[in-house]
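Inside the fold
Below, each chain spelled out in residue letters.
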Amino acid sequence: MHYPKKLLVDVEIAHKRFHLSKEEGVRGDFHSEVKPFADEVKLAADSWRALASQWIRENRPKNLHANQIETAADYLEVISVQAFFPETSKKRFLDQIQSVEFILNSMIIAVEKAKQ
């Protein structure tokens, strides 16, 4: 399952873009920046959501649940848009990033453990 690693890269891109928006106070252009990035992240997040939810049902890892996958996928969509707007709440944005990173990394670890 390569989606968690790709999504971690997307989160890092969003994080860097967020800092740029905050520093410069400039919004991203909707058609050339925001929409293409958000569409790409949504596509990957939706695919990951379906695969990860199925994997969790089949493998039942102790510390990972379907509702966490749903939350992370939803946060990914929000993050991918909010990164381009300087008025985005820094605390909420960073909290959502931290949550998504934790769940994606937990998924990577759970899948690796299941392979052993």
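Look above for the structure.
Every value quoted in this text rests on a predicted model; they were computed, and no experiment measured them.

Across its full length, the chain holds 4 helices and 0 strands. The order of α-helices and β-strands along the chain, N terminus first, is α-α-α-α. Radius of gyration (C-alpha) of the chain: 15 Å, near the 13 Å computed for a compact globule of 116 residues. With the C-alpha coordinates of the chain rotated into their principal frame, the extents come out at 45 × 25 × 20 Å. Sorting the 116 residues of the chain into buried and exposed places 41% on the buried side. Sequence-distant contacts in the chain: of pairs separated by 6 or more residues, those separated by 24 or more amount to 79%. Total accessible area on the chain stands at roughly 6900 Å², and carbon and sulfur atoms take up 54% of it. Each charge class in the chain can be summarised by its mean position, and for the 17 positive and 17 negative side chains these summaries are 6 Å apart.

Right, let's get into the layout of surface pockets. Looking at the largest pocket, its volume works out to about 260 Å³. Trp 55, Asn 59, Pro 61, Lys 62, Asn 63, Leu 64, Ser 106, Ile 109, Ala 110, Lys 113 and Ala 114 are the residues that line the largest pocket. At the level of elements, α2 (30–59) and α4 (90–115) are the ones that each hand at least two residues to the lining of the largest pocket. Tallied by class, residues from the lining of the largest pocket come to 6 nonpolar, 3 polar and 2 charged.

This brings us to α2. Given 3.6 residues per helical turn, the α-helix brings residues three or four places apart onto the same face. For α2, which comprises 30 residues, the first-to-last C-alpha distance of 40 Å matches the rise-based estimate of 44 Å (1.5 Å per residue) to within 8%. Those residues of α2 lying buried are Val 34, Phe 37, Ala 38, Val 41, Ala 44, Ala 45, Trp 48, Arg 49, Ala 52, Ser 53, Trp 55 and Ile 56. The inward-facing, buried residues of α2 contact α1 (3–24), α3 (66–82) and α4. The distance from a side-chain oxygen at the start of α2 to the backbone nitrogen of His 31 is 3.4 Å, and the residue carrying that oxygen is Asp 29. Positive phi appears at Arg 60, one or two residues downstream of α2, with a value of about 45°.

Cut-offs and rules
- Residues numbered from 1 in each chain as written.
- Predicted model: local features only at pLDDT ≥ 70, side-chain atom pairs only at ≥ 80, totals over all residues.
- Heavy atoms only, no water.
- Helix = DSSP H or I, 4+ residues; strand = E, 2+ residues; numbered from the N terminus.
- Rg over C-alpha atoms; globule rule 2.2 N^0.38 Å.
- Buried < 20%, exposed > 50% of the residue type's maximum accessible area, 1.4 Å probe, protein only.
- Contact = heavy atoms within 4.5 Å.
- Areas by Shrake-Rupley, 256 points an atom, 1.4 Å probe, with all protein chains shown as cover.
- Lys, Arg positive; Asp, Glu negative; His and termini not counted.
- Charge placed at Lys NZ, Arg CZ, Asp CG, Glu CD.
- 1 Å grid on protein atoms, 1.4 Å probe; cavity = no way out; pocket = protein on both sides within 12 Å on 5 of 7 lines; lining within 4 Å.
- Points joined across faces, edges and corners; volume = space filled by probe spheres on them.
- Nonpolar A, V, L, I, M, F, W, Y, C, P; charged D, E, K, R; others polar.
- Expected span 1.5 Å × (residues − 1).
- Polar contact = N/O pair within 3.5 Å; in protein donor to acceptor, adjacent residues only side chain to side chain.

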